[in-house]
Amino acid sequence: YEDLHTFELQAPTRVIEWARGNRVCVAGYGQSGGNEILQLLPPPTLQAKETQGLCPERDFKVECGGFSNRPVYSLKYVPDTSLLVTSGPPDSSLQVWQVSAEDSDVIKSVSAIPAEDGTGQPWARIATVSTRAPWVLHGSRLNNVQITEVESRKNVYMAASRNSEELSGLAFLDCNTLLLCCAKGQLCLADIRQPQRPLEAVSVPSAPCGERWCMGVGRGPQGSDSSSRPVACLSSGGHLTLTDIRKTSESMASAKCRVPSPSSGAEFLCISWAPALEGCLAISGFDGTVHVYDARSWDSSDREAEPIFVHKGHAFGRLGSSGSPPLVTTHAWHPQKPRTVLSAASDGSLHVWDWVQSCGKC
């Protein structure tokens, strides 16, 4: 490691979100209520634009916080505002939070966004954007995807679909285009300018049946068309497939990662592209590790991929009530520092790490 910071949270978290000023937002997901939502101030070394020498302060600091009476399974900062949006069981409604000004340390609940036919539905996946206005894209199934204006709670878009497949992820590609990922491995593009056009879900190339899938959307190569963006899909069996949003039905490359067992990790599956490293992505959710890969060398052979780095720090944490080691629940890349990654685990540990750059690698 070039650097490693650890922070112990009061409860396990499954969300890490970068907010304005390079703050970090986390939240608990316990079923008993009283789940904390915290905004953390990173250590000074993570806030500096250039690498510093020895720094006496190495810990995160709690800047403000609040409590949610329901588990927080997803949390998104609304760009250019002081608002957060969260979702979690027992239904697909959303909660909106206000991060207080500098003279207060409270994150308070300000409103809720009910979902049509939300009762009995899985918790909603969410994404936010503020290109036109503060919007939240949300839905639990392909047939209930919608966009809501956060502050007015006005419905901006409702997808047209009869397909009730459960969603595992969604994303804004730009202010008009959406990408949706179904848990069974289908991808679907939607254009909010054509709300009556039925959504067409296309299966991930070579997707094995019976596995759950998630997706991560990357940035296109420098100087490329903005419509050319890579999409990485990860299955609970450890299959990795790369496609392009211009043609999601065709595979650009595929690989297999080594997983503890084919059925493990479905609840916390996570895959994400590095925002400042071309071709690099990270995966987690199978055990107490985070694997980083350089996907530029992958082809269509589906051979086992070798990670360029494995973070094993969480695996040595506190054992759970069943005697099992901690499981990584989520990870997130630092938006500016190329090799800096945050990861959280089921024992309440939050790690920030930066690995040594190997010659010829990322």
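Quick caveat: nothing in here was measured; it's all calculated off a predicted structure.

Digging into the overall build of the protein chain
Turning to step 1, where the next piece is worked out: Scanning the protein chain from N- to C-terminus turns up one helix and 28 strands.
Turning to step 2, where the next piece is worked out: Here the protein chain, with 362 residues, has 56% of them falling under the buried criterion.
Turning to step 3, where the next piece is worked out: For the protein chain, restricting intrachain contacts to residue pairs at least 6 apart in sequence, the fraction spanning at least 24 positions comes to 51%.
Turning to step 4, where the next piece is worked out: Surface accessibility of the protein chain: about 16,500 Å² in total, with carbon and sulfur atoms responsible for 47%.

Considerations on the sheet that holds strand S25 (residues 309-311)
Turning to step 1, where the next piece is worked out: In spatial order, the strands read S22-S23-S24-S25; together these four strands make up an open sheet with antiparallel pairing. Edge positions in the sheet fall to strand S22 (270-273) and S25, since each of these pairs with one other strand and no more. Strand-to-strand twist in this sheet, taken as the mean axis angle between neighbours without regard to direction, amounts to 20°.
Turning to step 2, where the next piece is worked out: When strand S24 (residues 290-294) meets S25, the two strands line up antiparallel, connected through three bridges. Bridging from a neighbouring strand, Val 290 pairs with His 311 of S25.

Side note on the sheet that holds strand S15 (residues 177-182)
Turning to step 1, where the next piece is worked out: If you walk across this open sheet you meet the four strands as S14-S15-S16-S17, and the pairing is antiparallel. The outermost strands of the open sheet, each flanked by one partner alone, are strand S14 (167-172) and strand S17 (202-203).
Turning to step 2, where the next piece is worked out: Of the strand pairs in this sheet, S15 and strand S16 (residues 186-191) are connected by five bridges, and their pairing is antiparallel. Bridge pairing links Cys 181 to Leu 187 in S16.

Calculation notes
- Residues numbered from 1 in each chain as written.
- Predicted model: local features only at pLDDT ≥ 70, side-chain atom pairs only at ≥ 80, totals over all residues.
- Heavy atoms only, no water.
- Helix = DSSP H or I, 4+ residues; strand = E, 2+ residues; numbered from the N terminus.
- Buried < 20%, exposed > 50% of the residue type's maximum accessible area, 1.4 Å probe, protein only.
- Contact = heavy atoms within 4.5 Å.
- Areas by Shrake-Rupley, 256 points an atom, 1.4 Å probe, with all protein chains shown as cover.
- Pairing = 2+ DSSP bridges.
- Axes fitted to C-alpha atoms, helices over the stretch in contact; angles between N-to-C directions.

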